[in-house]
Amino acid sequence: MTVKTLWLRSGALFLLLLIIYTGVATQDRATWLMEVTPVLIIIPLLLLTRRRYPLTPLLYTLIFFHAIILIVGGMYTYAKVPVGFDVQNWLDLSRNPYDKLGHFFQGLVPALAAREILLRGRIVRGHKMLAFIVCCIALAISATYELIEWWAALAMGQGADDFLGTQGDPWDTQSDMFCALLGAITTVVAIGGWHSRQLLRHRLIVQG
């Protein structure tokens, strides 16, 4: 077993244990299930494709932390995560900002995944066009998630309040998408070079 496979399996086991714990400890199982469903889908998928389509360590790591954010948010509901209240007090904010961290990663991680797929498939080569398309994909995913929240609100009525986590903010949808855009821009500007070096080091793309 390679070190990469060991770390991937260890990370998946940790997330599985965290899912079990939070599923037992949560007081709102319906909201918890809606929040952790993406994790329940992506983790088995990553394990099944680890040999046929291995990802960079950077992408695996960020997916891991994004999964933790989703699972913790599902346990408490985003508006009630304790660490979010601490940040709210430190920064004198009007609301718990934990959900904004989730939406930041909702832009950061899909943008990095899109960048990896586009580069490995040689679908886009120009750096400016790559950056543009990566940000568009991240925003499209964020918009799709907001549509899912809207459908949940229509289906569940007041029961969807914890899932939506708007905390009375009429501009919550727009600020969520803005945070996702900031995450995507962070991928392009701050970690794109690091990501490219990993793609080359692990021979997932070739130079030139």
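Since this is a predicted model, take the numbers as computed values, not measurements. Think of each chain on its own: its residues are numbered from 1, step by step along the sequence as written. Only residues with pLDDT of 70 or above have their local features reported here, since the model is predicted, and side-chain atom pairs are shown and tallied only from 80 upward, although totals for entire chains, interfaces and linings are computed over all residues. By convention in this description, side-chain values take in all heavy atoms of the structure and omit both hydrogens and water.

**Describing the overall build of the protein**
Helix and strand definitions follow DSSP, with helices as H or I runs of at least four residues and strands as E runs of at least two, each counted in order from the N terminus. Across its full length, the protein holds nine helices and zero strands. Helices and strands appear in the protein in the N-to-C order α-α-α-α-α-α-α-α-α. Throughout, the radius of gyration refers to the C-alpha atoms, and the reference size of a globule is 2.2 Å times the residue count to the power 0.38. Its C-alpha atoms give the protein a radius of gyration of 18 Å, within 12% of the compact-globule value 17 Å for 208 residues. Along the longest, intermediate and shortest principal axes, the C-alpha atoms of the protein span 55 × 40 × 35 Å. Burial analysis of the protein (208 residues in total) assigns 43% to the buried set. Roughly 11800 Å² of accessible area belongs to the protein as shown, and the carbon and sulfur atoms make up 70% of that amount. Taken as two groups, the 17 positive and 13 negative side-chain charges of the protein have centres that lie 24 Å from each other. Only protein chains enter the accessibility calculation, which uses a 1.4 Å probe; a residue is then buried when its area is under 20% of its type maximum, exposed when over 50%, and partly exposed in between. Note on areas: these come from Shrake-Rupley sampling with a 1.4 Å probe, and a residue is covered only by the protein chains present in the view. For the purpose of counting charges, residues Lys and Arg are taken to be positive, whereas Asp and Glu are taken to be negative. His and the chain ends are not included. Charge coordinates come from a single atom per side chain, which is NZ of Lys, CZ of Arg, CG of Asp or CD of Glu.

**Regarding unusual backbone geometry**
Phi at T77 takes a positive value of approximately 75°, unusual for a residue other than glycine. With phi around 55°, R122 is a residue other than glycine that occupies positive phi space.

**A word on the layout of surface pockets**
Only protein atoms enter the 1 Å grid used here. Points where a 1.4 Å probe fits but cannot escape make up a cavity, open sets with protein on both sides within 12 Å along at least five of seven lines make up a pocket, and a residue lines them when an atom lies within 4 Å of a point. Grid points are joined across faces, edges and corners, and a volume is the space filled by probe spheres set on the points. Taken as a whole, the largest pocket spans an internal volume of roughly 770 Å³. Along the walls of the largest pocket sit 33 residues, with P38, H66, L70, V109 and P110 positioned nearest its centre. Looking at the lining of the largest pocket, the elements with two or more residues in it are helix 2 (29-48), helix 3 (57-76), helix 5 (98-120), helix 6 (127-156) and helix 7 (161-164). With nine residues, helix 5 is the single largest residue contributor to the lining of the largest pocket.

**Quick word on the nonpolar core**
Considering soluble globular proteins, one finds that nonpolar side chains tend to be buried as a cluster. Only buried residues count toward a nonpolar core. Its members are Ala, Val, Leu, Ile, Met, Phe, Trp, Tyr and Cys residues joined through side-chain atoms within 4.5 Å. Formed by 28 residues in total, the largest nonpolar core has its most connected members in V39, L62 and I71. Those elements giving two or more residues to this core turn out to be helix 1 (3-25), helix 2, helix 3 and helix 5. At nine residues, the largest contribution of residues to this core is made by helix 3. For this analysis, residues touch if any pair of their heavy atoms sits within 4.5 Å. Non-local contacts of V39, meaning those with residues more than four positions away in its chain, are made with I19, P44, A67, L70 and I71. Core analysis: the second largest hydrophobic core is formed by twelve residues, V124, L130, V134 and A184 among them.

**A look at the environment of N96**
With respect to the helices and strands, the residue N96 is situated in the loop between helix 4 (82-91) and helix 5. Relative accessible area serves as the criterion here: at 0%, N96 is assigned to the buried category. Note: C-alpha distance between N96 and F85 (eleven residues apart in sequence) is 5.4 Å. From its side chain, N96 meets the backbone oxygen of V81 in a polar contact 3.1 Å long. Pairs of N or O atoms are called polar contacts if they sit within 3.5 Å, as long as, within protein, a hydrogen donor faces a hydrogen acceptor (for residues adjacent in sequence, only side-chain-to-side-chain pairs).

**Quick look at the packing of aromatic side chains**
Between 30 and 60 degrees the pair is tilted, below 30 it is stacked and above 60 it is edge-to-face, where a pair is any two Phe, Tyr or Trp rings, Trp via its six-membered ring, whose centres lie within 6.5 Å. In this structure the tally under the stated criterion is four aromatic pairs. Taken together, a centroid distance of 5.6 Å and an interplanar angle of 35° make the contact between Y78 and Y98 tilted. Placement of Y78 in the loop between helix 3 and helix 4 and of Y98 in helix 5 is noted, with a sequence separation of 20 residues between them. On the accessibility criterion, Y78 (8% relative accessible area) is buried. Look at Y98 and you get buried, because its relative accessible area is 8%. Arranged with centres 6.2 Å apart and planes meeting at 70°, the rings of F104 and F105 form a pair that is edge-to-face.

**Details of the packing of helix 3 against helix 5**
For any two helices packed against each other, the geometry is given by the interaxial angle and the distance between the axes. Lines are fitted to the C-alpha atoms to define the axes, a helix being fitted only along its stretch in contact, and any angle between axes, read from their N-to-C directions, falls within 0 to 180 degrees. With their axes 10 Å apart at the nearest point, helix 3 and helix 5 run at an angle of 150° to one another. With respect to helix 5, the element helix 3 is oriented roughly antiparallel. Crossing of helix 3 over helix 5 shows left-handed handedness. Each of L58, L59, L62, I63, F65, H66, I68, I69, V72 and G73 in helix 3 lies in contact with helix 5, whose residues at this interface are Y98, L101, G102, F105, Q106, L108, V109, L112, A113 and E116. Any residue outside Ala, Val, Leu, Ile, Met, Phe, Trp, Tyr, Cys, Pro, Asp, Glu, Lys and Arg is labelled polar, Gly included; the first ten of those are nonpolar and the last four are charged. In terms of residue class, the contact of helix 3 with helix 5 is made up of 15 nonpolar, four polar and one charged. Just so you know how the angles are binned, under 35 degrees is roughly parallel, over 145 roughly antiparallel, 65 to 115 roughly perpendicular, and the rest oblique. Here a crossing is taken to be left-handed if its near helix is turned anticlockwise relative to the far helix by less than a right angle, and right-handed if that turn runs clockwise.

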